[in-house]
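Chain residues, written in single-letter form:
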Amino acid sequence: MSEEVIVNSPPSAGPVKHEDLALLNQVAKLAPGDSHLEMCIQCGTCGGSCPSASAMDHTPRAIFAMLRAGMRDEVLKSNTPWMCVSCYYCTVRCPQDIHITDIMYTLKNMSLKSKMVQDSTASDFSRTFIRYVENYGRSFEIGLAGIQNVTHLRLATRLPNMAPMALGMLTKKGMSPFPPKRIKGMDGLKKILKRAKEMEAA
Amino acid sequence: MSAEEKMPKERIGVYVCHCGSNIAGVVNVAEVSKWAGDNLKDQGVVVSRDYKFMCSSLGQELIQKDIKEQKLTRVVVAACSPHLHEKTFRNACKGADLNPYLCELVSVREQDSWVHTDKIAATEKAKAIVAGGVSRVVHHEPLTPLKVPIHPATLIVGGGIAGIQAALEIADAGFPVYLVEREPSIGGHMAQFDKTFPTLDCSACILTPKMVDVGNHPNITMLTYSEVQKVDGYVGNFAVTINKHARYVKTADCTGCGVCWEKCPKKVIDDKFEAGLGYRKAVYTPFPQAVPKYPVIDDINCTYFQKGTCKACEKFCPTNAIDFTQKNEIMTVEVGNIILATGWDLFDARRVPNYGYGRLANVFTNMEFERLSNSAGPTGGNIVLRDGKTTPKSVGIVHCVGSRDKNYNNYCSAICCMQSLKFAHLVHEKTGATVYNFYIDIRTPAKGYDEFYQRIIEEGALFVRGKVAEITDAARNPGEEGKLIIQVEDTLVGKQRRIPVDMVILSAGLEPRAGSKELAKTFGISCSADGWFIERHPKLDPVATMTEGVYIAGCVQGPKDIPASVAQGAAAAARILGKIQQKEIALEPVRATINEEQCSGCRICNTLCPYNAILFHEDTMVSEVNPALCQGCGTCVAGCPAGAISGTGFSNLQILSQIDGLLLLTLDKKKEAVVA
Amino acid sequence: MSEYLFYPGCSMESSAKAYYHSVMSVCKTMDIQLKEIDDWNCCGATEYLSLELTPAYALIARNLALAEQQANGSKTVVAPCSACYLNLSKADHYMHENKAFGEKINTALAAGGMHYDPGELVVRHLLDVVINEIGLDKIKEKVVKPLTGLRVAPYVGCMLPRPDYNNRYSDNEHPYELDDLMRALGAEVIDFPLKTACCGGHMTQIGPGTAFELIRRLISSADDYKADVLVALCPMCQMNLDAFQGQMNGYFHTNYHMPILFFTQLMGLAFGEKPENLGFGSEFVSAHEAMKRIGIKTPVLEPTKPAAKKPAGLPMPPPRPRSGEKVNIGSEEASQ
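What you see is a predicted model; the values in this text were computed from it and never measured.

Enquirer: Before we go on, may I ask you to explain the overall build of chain C in this structure?
Expert: Of the regular secondary structure elements, chain C holds 14 helices and eight strands. When each of the 336 residues of chain C is scored for burial, the buried share is 63%. Working note: accessible area of chain C is about 12500 Å², and carbon and sulfur atoms make up 51% of it.

Enquirer: What should I look at first to understand the overall build of chain A in this one?
Expert: For chain A, the helix and strand inventory stands at 13 helices and zero strands. Ordering the α and β elements of chain A from the N terminus gives α-α-α-α-α-α-α-α-α-α-α-α-α. Per-residue burial for chain A yields a buried fraction of 53% across its 202 residues. Taken as a whole, chain A presents about 10000 Å² of accessible surface, with 58% of it coming from carbon and sulfur.

Enquirer: Would you mind showing me how to read the interface of chain A and chain C here?
Expert: With 65 residues of chain A at the contact, the number on the chain C side is 72 residues. Surface buried jointly by chain A and chain C totals about 6000 Å² across both partners, of which 63% is contributed by carbon and sulfur atoms. Applying the counting rule to chain A against chain C returns four salt bridges. Residues C:E173 and A:R93 are paired through a salt bridge, measuring 2.6 Å at the closest nitrogen-oxygen approach. The tally of links between chain A and chain C comes to 23 residue pairs in polar contact (both at pLDDT 80 or more).

Enquirer: Please explain the sheet that holds strand 2 (residues 32–36) of chain C as it appears in this structure.
Expert: Sheets are built from strands paired through backbone hydrogen bonds, the pairs being either parallel or antiparallel. All names here are of chain C. In space, the four strands of this open sheet follow the order 2-1-3-4, with parallel pairing throughout. Strands at the two margins of the open sheet, each flanked by one partner only, are strand 2 and strand 4 (122–125). This sheet shows a mean twist of 40° between the axes of neighbouring strands, independent of strand direction. Pairing between strand 3 (residues 76–79) and strand 4: four bridges, direction parallel. Residue pairing in the sheet places T76 in a bridge with V122 of strand 4. Contacting strand 1 (2–6), strand 2 and strand 4, helix 1 (residues 17–30) crosses the sheet at an angle of about 135° to strand 2. Seen against the sheet, helix 4 (residues 82–97) touches strand 3 and strand 4 and runs at an angle of roughly 160° to strand 4.

Enquirer: Can you walk me through the domain arrangement of chain C in this structure?
Expert: Interfaces are often described in size by the accessible area the parts lose on coming together. All names here are of chain C. Assigned domains within chain C: domain 1 (2–125) and domain 2 (144–292). Placing a centre on the C-alpha atoms of domain 1 and another on those of domain 2 gives a separation of 24 Å. Taken together, the 27 residues of domain 1 in the interface contact 25 residues of domain 2. Between domain 1 and domain 2, the buried area comes to about 2200 Å², and carbon and sulfur atoms account for 69% of it. Across the contact surface, domain 1 and domain 2 share zero salt bridges. Taken together, domain 1 and domain 2 are joined by five residue pairs in polar contact (both at pLDDT 80 or more). Taken together, the elements giving at least two residues each to the side of domain 1 that touches domain 2 come down to helix 1, helix 4 and strand 4. Top element by residues in the side of domain 1 that touches domain 2 is helix 1. It accounts for nine residues. Its residues assigned to classes, the side of domain 1 that touches domain 2 shows 14 nonpolar, 10 polar and three charged.

Conventions adopted
- Residue numbers restart at each chain and count upward from 1, following the sequence in its written direction.
- In the order they appear in the text, chains get letters beginning with A and ligands get numbers beginning with 1.
- Where local features are concerned, this predicted model is filtered to residues with pLDDT of at least 70; where side-chain atom pairs are given and counted, the filter is 80 or more; whole-chain, interface and lining totals use all residues.
- Each side-chain value is derived from all of the structure's non-hydrogen atoms; neither hydrogens nor water enter the calculation.
- Strands are runs of DSSP state E lasting at least 2 residues, helices are runs of H or I lasting at least 4, and numbering of each runs from the N terminus.
- Only protein chains enter the accessibility calculation, which uses a 1.4 Å probe; a residue is then buried when its area is under 20% of its type maximum, exposed when over 50%, and partly exposed in between.
- Surface accessibility follows the Shrake-Rupley procedure with a 1.4 Å probe radius. Residue values consider only the protein chains on display as shielding.
- Contacts between residues were defined by any pair of non-hydrogen atoms, one from each residue, lying within 4.5 Å.
- Here the buried area means the combined drop in accessible surface, using a 1.4 Å probe, for two parts upon being joined, counting both sides.
- We define a salt bridge as a contact between a side-chain nitrogen of Lys or Arg and a carboxyl oxygen of Asp or Glu at a distance within 4 Å.
- N or O atoms within 3.5 Å of each other form a polar contact, as long as, within protein, one can give a hydrogen and the other can take it, and as long as residues adjacent in sequence are counted only when both atoms are side-chain atoms.
- Between any two strands, at least two bridges found by DSSP are needed for them to pair.
- The axes used here are C-alpha line fits, helices contributing only the stretch in contact, and every angle between their N-to-C directions lies in the interval 0 to 180 degrees.
- These domain limits were set by an automatic method or by a database of domain assignments.
- Gly counts as polar in this scheme, as do all residues outside two lists: the nonpolar Ala, Val, Leu, Ile, Met, Phe, Trp, Tyr, Cys and Pro, and the charged Asp, Glu, Lys and Arg.

Laid out in structure tokens, this is it:
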């Protein structure tokens, strides 16, 4: 009796799901304007221009190649969009007129929704920032910095000259340690944001 | 029987083509043919057939057989657009001794089967179109094409390699050529290059023998430092007005000795030949092997023209050949055909701010590098940095600058990959420096090109696949100090790299000449949106244009390498020689004619005519159309307030009859509806 | 008098008070009336966009809706902060370009009883208004104390010249607006190559290593060119380069001391305003020394790097940044 030997292919080369093939188009559609993402010729101008490329695990161009290949998990786990500083070098230089920075924002949104974010430092910062805005209508830098540095203590304590800088914020720049004055139309703003979130989730 | 019915009817044959499934797939061709045969008898249809491919020899023979046997006096073919086969069917009729203009081709393909999906409606429409054709063709008249003589002389605008090739071919065949060139010498961009790919022939060495041939050829009249101002006329009979800019040098006396430019004290940056990298004097020849050898005085920079002093050249000229009083000369030449071979301009790399050209001293363009490497260039062929002395130890060559880029030019400039590989070779050979090529793709399609690429790899050039993002002198660490840093993503590795080099060469793309649109207008041809001139058919007719008698050759039609430019120059020459050999050309007889009795002499048509083809007779106070100049555009026909002008082949009667035919079915149905 | 709808942005009230005071002062001198949008809210900076798209744009659009309501004649919104400017102009642009998107945002706004007609307003940065509405000639007239001898590195940052959907600026990477303005004030402008390089944005809180490197590049370049001060036009840029300069120095063991000022502070000085009223003294890296230098007429410092653009003799002419530019090629007498 001959034994059938079943050879397992490596996990990442498993069957491609239908929605993964459409991943590129899905991302392109979610961006606000006409992003032209499907026009990418993989020239590398974006990766070459990016000031924080060395901190990214995949360059922007590599991310687009991965989107085309339907590698959903790898893209959404990547730290690439979180390292984007929104300097728009890539967008103005891209020879195919792709709105790369807007795609990066879209990927941030998608990675949060899918809960695949690996390092939450950036998204925690954004969430804390927004929490103040959603309560006061204004941002609160001292509060934001405080919470961020306390919740990410390891990061904060590694940095030299942290204390004089923090002190200087209060004394030299005269920044207020108290939360800002709430805007008059706070109720209206809350309603607007609630409706917007409902539409986003839909 | 009405008077109308008593008139001798024409005998019309109707032929409806299946065109395979192109027409038959949507239109019920057999039904249309039967309908025409049954219902259009009173219009004169005596035979109506359908056939798979009317344009085939068998299809044509079918028509010819019917003409002879059925004594047909008119033919209507319902098939593809006249644009394709009008000539075919007209010739078929001619072959059966029926005047070709008594044949009408109506389109049931482009205007019916190709644009509709409703088969029933499309079939009804085809019937209407055929009925329209039948009604119209009754009023056709036998016409004879106008024959005009072809003047044997040819005008070639542009003295680059394409223009030179065309000029030599026509002149060698024994016919006169006028070669007009804007610069003081012929030669074009090819004269600026150092070596040509893939053979690495010295560019000037292969070009100058042809230039000398042109200069010495008894059949070629070279008009250098000249520009075309106006073109009148039509194919076979053009009258071209040319402005010969004053050289301020008496060519009869000048020996080309060069004392004048030696003694001239005014140095000017040479933006044309030296690509802005070197100098020339105010009196100069562009390069030593210039043809013709006579220098010119640049009156914008010459001290005498600006301030009234100096005149050193005149003082020192041994043959008294300098003449500051010379004026521009306007001359008119008569030619039968024209070739436009005006070439290309370089993309201005200053438009790409992240590459630092124009700001960073050691970033050069491809044309600047050609001059650097050329032994007759500003550095005597030494590849050195802007300081004029340091040899670079590392050089980066950047592909696709201003090409394949929606921010600048969307197209590929065809030659820059090969040019970049050539530069890699030259740098390696002359300096031994480390060479990097930064590319998106390597495009080496023609003969010997990919082998050249292999050779460059063997020579040790380093290839980085990535479109360069930035070239900067802002160093981030001591290793980058004093260098130009090329920042790029090495896409094959997937990481951003910063590569310090001493010199950067930008392979800037090709662009249409500035002023292309105006030049096209002068000659009556069109430019594409990019600015390249449009050929008659992109696949099958690359050197002719939509304007009879005007041809294009070389990069003016689109970026291409030297072999392709030469081939196009030769092709245009061959077409023209063919026309000249025929001695006369037949013009379409579709023309306007003015009915003298109805003309009121208002002269509105005179100014409307875009071809200046209408004369006004003062003595009889009527206008008359010159049939040779008239192109049959119909503007005057529409514009005449008295309706005194008609177009042969497009008379009011013919057009109105066609409309009646088209509406036949609709009106019949209406009649039925009323009666019912 | 020119009147504009004014969107200050959150930083003007906290970390960029110096910007606020100097903006108020110079606008008075230039006869610009700024009508602050009543009850404006935070634009969300780059933070909300990272989380959720629709709420982010709705947040921004509320300001546009308020401005549209309160517009009385003037239809231009002026924002002195680059990030606020970009957010407001981007929201307007996308709502206008993509009708469906515009309707979505307006649906959200409707929940709060608001609405914005995309394209109704024009959004501009303060620099744009100064250069294009007031004009350099008028600025020159107002200068009473020219900043002669002050070497300024003009730092435009990234969000102003890019993506520049409305083509307001001369160049995406090396625009000359700020250069020309500083020259109009009498200062000496250095050809700073990193004019539009990113300052790191919020990376100081998220990836400090990356941020400090970006900050270091900018400071060291300005220092290499022997700039006395670096001028900025965005509160984030100014804060990163100024407040974090100390941390950056500690991280790299460097010892830079480059004062970072707002362009309006220099404008105010040139217009004759007292430094105290322009927020001087609130900066981390003191501008005291640099200012002392121009209190007195100073000799022009000879830079050691880069070499001045001498007209080249043989064999090659120097590079020309603007096409058609005349280059002095030296004496008319060529060597024989």
